[in-house]
Amino acid sequence: MQRKIGAITLVVKDYDEAIQFYIEKLNFILVEDIKLDDAKRWVLITPSLDSDTNILLARATTQPQEEAIGNQTGGRVFLFLYTNDFWKDYNHMKSKGVSFLEQPRDEIYGTVVVFEDLYGNKWDLIEIKKNISTS
């Protein structure tokens, strides 16, 4: 039996500003944007077309959801964006004004830097060393 995570929900303030951030600043791809009703849309983004995991952008509609925007993991790194060209992605993101919380560093597992999305969720941008398994 094969199983995988298809999507992870990310609570956002506004669909369009979130789409713009992820597409323009992180080079994500808009997979779907379907209007479900007057207030709700099905918005899927992905870092690349061959990625197994998408992000579902979900606009907050309740007070608890609004309070979770930017802090979905209590201040810890929330998502890990793997790349095969760290410096290209880092320089692109930096040129687009993405907020980095530290300088890039080399770790035993690869090159990494922590950045924030438009709402303050923390991400790791990581290029895994070739001799380290990610599966």
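Residues numbered from 1 in each chain as written. Predicted model: local features only at pLDDT ≥ 70, side-chain atom pairs only at ≥ 80, totals over all residues. Heavy atoms only, no water.

Draft legend 1. Region of interest: the overall build of the protein. Counting its secondary structure elements, the protein contains 3 helices and 9 strands. When the helices and strands of the protein are listed from N to C terminus, the series reads β-α-β-β-β-α-β-α-β-β-β-β. What you see for the protein is a C-alpha radius of gyration of 15 Å, in line with the 14 Å of a compact globule of 135 residues. Dimensions of the protein, computed from the C-alpha atoms along their principal axes, are close to 50 × 40 × 25 Å. Per-residue burial over the protein gives 33% buried out of 135 residues. Long-range pairs, those at least 24 residues apart, make up 52% of the contacts in the protein between residues at least 6 apart in sequence. Accessible surface computed for the protein: about 8500 Å², of which carbon and sulfur atoms make up 48%. Of the side-chain charges in the protein, 16 are positive and 21 negative, and the distance between the mean point of each set is 2 Å. (Helix = DSSP H or I, 4+ residues; strand = E, 2+ residues; numbered from the N terminus. Rg over C-alpha atoms; globule rule 2.2 N^0.38 Å. Buried < 20%, exposed > 50% of the residue type's maximum accessible area, 1.4 Å probe, protein only. Contact = heavy atoms within 4.5 Å. Areas by Shrake-Rupley, 256 points an atom, 1.4 Å probe, with all protein chains shown as cover. Lys, Arg positive; Asp, Glu negative; His and termini not counted. Charge placed at Lys NZ, Arg CZ, Asp CG, Glu CD.)

Draft legend 2. A nonpolar patch on the surface, seen in detail. Among the surface-exposed residues, Ile 34, Leu 36 and Trp 42 lie close enough to one another that they form a single nonpolar patch of about 270 Å² accessible area. Mapped onto the elements, Leu 36 comes out in the loop between strand S2 (29–35) and strand S3 (41–46). (Patch = residues over 30% accessible without salt bridge, like charges linked within 9 Å, V, L, I, M, F, W, Y side chains within 5 Å. Salt bridge = Lys/Arg side-chain N within 4 Å of Asp/Glu carboxyl O.)

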